[in-house]
Amino acid sequence: MHELSIVSSIVESVTESVAAYPGATVREVRLRVGALASVVVDSLEFCWGIATEGTAMAGAKLVVIVVPVVMHCEACAEDVELRSLQSFRCPRCGELVADLRQGRELEIESFEIDEVEEKA
Amino acid sequence: MTTRIVELRRGILKKNDELAAVLRGRYKAAGVLVLNLVSSPGTGKTAFLERTLRELKERGARVAALVGDLETDNDARRLAASGAPVRQINTHGICHLDADMIDRHLEGWDLAELEYLFIENVGNLVCPSSYDLGERVRVALLSVTEGEDKPLKYPTLFNSADAAVITKMDLAEPCGFDRDLALHNINEIRPGIRIFETSAKTGAGMDEWLTYLAEERALCRGQN
């Protein structure tokens with residue numbers, strides 16, 4: 001259960017970045033989370049409400065994009081998407097695959113804000 | 001009001017990753033092999049590490065250990081009996097070690113004086129896999145009493161490991177441990193990984209493990 005500390009890091013990062021837009025309200029924060037990132041999406045969402053309370057992100061929506069695991073298959077000489085985390089085998093040829101190309105991501109992709117327009 | 005989307009593309013654990021990279025540089029410059037031992041609570045990390053420290057000391061190696069637990073310094077006291085410098089890291093509820101905890105607990109130690117530094121993580125098969133400690137070798141441990149399908153249940157951790165250690169092999173028979181199935185499952189999750197079958201009690205598998213440590217240490221020095 002380290003989702004609360006992960007969510008706290010997100011709040012910290014976005015708070016830093018949003019300071020460049022004075023008066024802005026954060027509507028949405030989008031994450032990219034790899035299927036092998038050891039993070040439970042439900043827990044992230046649960047912790048989000050707690051961690052954002054009283055911050056500039058209170059009420060903002062958390063959107064989690066799950067990134068599938070992509071391995072490089074030497075036999076096929078191609079990158080392939082893993083079908084199951086219980087077997088690191090190429091879905092085409094069935095060979096074991098050890099070379100991870102994608103799936104451990106844990107990043108903030110973007111956030112959406114409502115900006116206050118300056119009066120002319 | 002206008003709506004704007006701000007692209008950030010920033011790693012959530014960026015601060016940890018950056019500090020881990022600094023630590024990795026320090027370990028490399030000092031020529032010390034750093035290992036991060038991860039398993040469930042009760043796998044026998046401490047017993048395995050006790051035996052490893054003792055045998056390395058007997059061979060004249062300069063070793064040290066950091067040991068993480070939520071509370072108590074029991075493990076540090078057990079490990080210190082080997083004569084190696086040992087420090088306890090109490091996380092007080094945090095389920096993993098992070099690079100900052102390592103950095104703070106290394107203070108005052110001259111890494112160049114060490115050949116091997118072992119980090120025993122908090123007993124947990126999920127959270128420690130997200131936190132890079134700058135280690136060269138991440139070791140996933142599994143005991144014969146835990147069930148052969150553990151790697152399938154915790155693929156995120158086993159897939160991030162560089163070596164796997166099966167502990168308590170002396171109990172394999174009474175537990176009805178299916179060795180072939182366990183080896184198969186580890187290999188399904190982390191193809192090609194080195195697997196050591198050990199017993200801290202009888203010393204089985206320790207020679208092979210110590211040889212591996214020496215090989216890894218030679219490699220980490222060669223990269224300086």
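Above this text you will find the structure in question.
On a predicted model such as this, the values are computed, not experimentally measured, just so you know. Within each chain, residues carry numbers counting from 1 in the order of the written sequence. Each chain takes a letter, starting from A, and each ligand takes a number, starting from 1, following the order in which they are written. pLDDT decides what is reported in this predicted model: residues at 70 or higher carry local features, side-chain atom pairs at 80 or more are listed and counted, and totals for whole chains, interfaces and linings draw on all residues regardless. Side-chain measures were taken over the full set of non-hydrogen atoms in the model, leaving aside hydrogen atoms and water.

J.: Is there a simple way to explain a nonpolar patch on the surface in this structure?
T.: For patches, a residue must show more than 30% relative accessible area and have no salt bridge; joins then use 9 Å for like charges and 5 Å for nonpolar side chains, namely Val, Leu, Ile, Met, Phe, Trp and Tyr. Calculation of accessible area relied on Shrake-Rupley with a 1.4 Å probe; when residues are assessed, cover is drawn exclusively from the protein chains displayed. Salt bridges are defined by distance alone: a side-chain nitrogen of Lys or Arg within 4 Å of a carboxyl oxygen of Asp or Glu. A grouping of Leu4(A), Phe46(A) and Ile50(A) is seen on the molecular surface, where their side chains present a nonpolar patch of about 320 Å² in accessible area. Labels follow the DSSP assignment, with helices taken as runs of H or I lasting at least four residues and strands as runs of E lasting at least two, numbered in each case from the N terminus. As for its position among the elements, Leu4(A) is in helix α1 (residues 3-18).

J.: I tried to follow the pairing of strand β4 (residues 78-81) of chain A on my own but got confused; where do I start?
T.: The side chains of a regular strand alternate, first on one face of the sheet and then on the other. Residue and element names in this part refer to chain A. With four bridges joining them, strand β3 (residues 70-73) and β4 adopt antiparallel strand pairing. Following the sheet pairing, Met71 is matched in β4 by Val80. Counting the residues in the hairpin turn of β3 and β4 gives four residues, including Ala77, whose phi is positive at 55°. For two strands to count as paired, DSSP must find a minimum of two bridges between them.

J.: Looking at this structure, I do not really get the interface of chain A and chain B. What am I missing?
T.: Buried accessible area, meaning the area lost when the parts come together, often serves as the stated size of an interface. Every residue pair with non-hydrogen atoms within 4.5 Å of one another is taken to be in contact. Taken together, the contacts link 39 residues of chain A with 32 residues of chain B. Remark: the boundary between chain A and chain B carries six salt bridges. Taking the shortest distance from any N to any O, the salt bridge between Arg10(B) and Glu16(A) comes out at 3.9 Å. Polar contact criterion, stated in full: a pair of N or O atoms within 3.5 Å, where within protein one must be able to donate a hydrogen and the other to accept it, and residues adjacent in sequence count only if both atoms are side-chain atoms. The tally of links between chain A and chain B comes to 23 residue pairs in polar contact (both at pLDDT 80 or more). Broken down by secondary-structure element, the contributors of at least two residues to the side of chain A that touches chain B are α1, β1 (25-34) and β6 (106-115) of chain A. Class assignment for the residues of the side of chain A that touches chain B results in 18 nonpolar, nine polar and twelve charged. One ladder, built from eight bridges, connects β6(A) with strand β1 (residues 2-11) of chain B; its direction is antiparallel. Considered in β1(B), the bridge of Asp114(A) is made with Thr3(B). Amino acids outside the nonpolar list (Ala, Val, Leu, Ile, Met, Phe, Trp, Tyr, Cys, Pro) and the charged list (Asp, Glu, Lys, Arg) are all regarded as polar, and Gly is one of them.

J.: Please explain the nonpolar core as it appears in this structure.
T.: As a rule of thumb, soluble globular proteins bury nonpolar side chains together. In plain words, nonpolar cores are sets of buried Ala, Val, Leu, Ile, Met, Phe, Trp, Tyr and Cys residues tied together by side-chain atoms within 4.5 Å. Residue exposure (1.4 Å probe, protein chains only): buried if accessible area is under 20% of the type maximum, exposed if over 50%, otherwise partly exposed. Ile6(A), Ile10(A), Val29(A), Leu31(A), Leu44(A) and Trp48(A) are the most contacted members of the largest nonpolar core, which has 31 residues in total. Of all the secondary structure elements, the ones that give two or more residues to this core are α1, β1, α2 (41-52), β2 (61-67) and β6 of chain A together with β1 of chain B. A per-element tally of this core places α1(A) first, with six residues. Apart from the residues within four sequence positions on either side, Ile6(A) is in contact with Val39(A), Leu44(A), Leu106(A), Ile12(B), Leu13(B) and Tyr131(B). Counting 29 residues, the second-largest nonpolar core is a separate cluster that includes Leu49(B), Ala76(B), Leu210(B) and Cys220(B).

J.: Looking at this model, I keep getting lost on the pattern of salt bridges. Mind explaining?
T.: Side-chain pairs of opposite charge can arise where the charged atoms are in close proximity. By the definition in use, this model includes 33 salt bridges over all chains. Between Arg217(B) and Glu115(B) there is a salt bridge whose closest N-O contact spans 3.7 Å. Placement of Arg217(B) in helix α9 (residues 206-222) and of Glu115(B) in the loop between α4 (99-105) and β5 (116-120) is noted, with a sequence separation of 102 residues between them. The class of Arg217(B) is buried, set by a relative accessible area of 9%. Beyond isolated ion pairs, a larger network of salt bridges with shared partners links Glu28(A), Arg30(A), Arg32(A), Glu107(A), Glu109(A) and Arg9(B).

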